[in-house]
Every structure is written in structure tokens, then in C-alpha cells.
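Chain by chain, the residues:
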Amino acid sequence: MSITVRIPSPLQKLTQEKSEIKIEAKNIRELIDNLEKKYPGIKDRLCDENNKLRRFINIFVNGEDIRFLNMEETTLKDEDEVSIIPAIAGG
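Owing to the predicted nature of the structure, the values given are computational and were not obtained by experimental measurement.

Within the chain, the secondary structure is distributed over two helices and five strands. Reading the helices (α) and strands (β) of the chain from amino to carboxyl end gives β-β-α-α-β-β-β. For 91 residues, the compact-globule formula gives about 12 Å, and the C-alpha radius of gyration of the chain, at 12 Å, lands near that figure. Overall, the chain is about 40 × 30 × 25 Å in size when its C-alpha atoms are taken along their principal axes. Relative to its 91 residues, the chain shows a buried fraction of 41%.

Relative to strand β5 (residues 81-86), strand β1 (residues 2-6) is paired through three bridges, and the arrangement is parallel. Of the residues in β5, the one forming a bridge with Arg-6 is Ser-83. Where strand β3 (residues 57-61) lies against β5, five bridges are found, and the strand directions are antiparallel. Across the sheet, Val-61 pairs through a bridge with Val-82, a residue of β5.

Here the focus is the side chain of Thr-74. Relative to the helices and strands, Thr-74 resides in the loop between β4 (64-65) and β5. Judged by relative accessible area, which is 5%, Thr-74 ranks as buried. A distance of 3.1 Å separates a polar side-chain atom of Thr-74 from the backbone nitrogen of Asn-70. Aside from chain neighbours lying at most four places away, what touches Thr-74 is Lys-26, Asn-27, Ile-28, Val-61, Ile-66 and Leu-69.

Reading guide: rules and limits
- Residues numbered from 1 in each chain as written.
- Predicted model: local features only at pLDDT ≥ 70, side-chain atom pairs only at ≥ 80, totals over all residues.
- Heavy atoms only, no water.
- Helix = DSSP H or I, 4+ residues; strand = E, 2+ residues; numbered from the N terminus.
- Rg over C-alpha atoms; globule rule 2.2 N^0.38 Å.
- Buried < 20%, exposed > 50% of the residue type's maximum accessible area, 1.4 Å probe, protein only.
- Pairing = 2+ DSSP bridges.
- Polar contact = N/O pair within 3.5 Å; in protein donor to acceptor, adjacent residues only side chain to side chain.
- Contact = heavy atoms within 4.5 Å.

Next comes the structure, spelled out in C-alpha cells:
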């Protein structure tokens, strides 16, 4: 099952400057673990010390925010598109 993952510019230094990668995963948690195996260090940027997504990281599956789905347990299927989007703070 091949999932397309869109990588934001700040994380592309960890993915060998790739803005889009293909990876296998059954859910978001497995996707993050598999990203870490292939691109060491990326999990630390996405998850905190308790293995939970950091507050400022938003993940969308086919345009839907996983916060309104099943968070890290959100199921993935072949050809899904996952976008990792860091929140932008302003004042």
C-alpha cells in the first residue's frame, strides 16, 4: 500500500530535499514510524517525548484534518495523500 506524503520545506532537509515521498503504512502512527526508519530524526520534529503529535504539527489525509478523524490511529489506504503542515504563529 503506497501512501504519498507531502513534506513541508522546514522538514525537507531530513528527507534529502524531497517535497513528496512514497511510503507504506496502515495508519498515521505507522507512517511516522516508517518515515523515521527511512529519514532518521523526522519523528522528533513531529512527535513529543510521549510519542504524541506536537501541537504545532497538522496532518491531513486527503484534505481532512486527522484531529477530526482518529488522530494517530487514522487508517490509511493505498493511494491516500498525507500532508504534513506545521502551524504558523503570528501576532
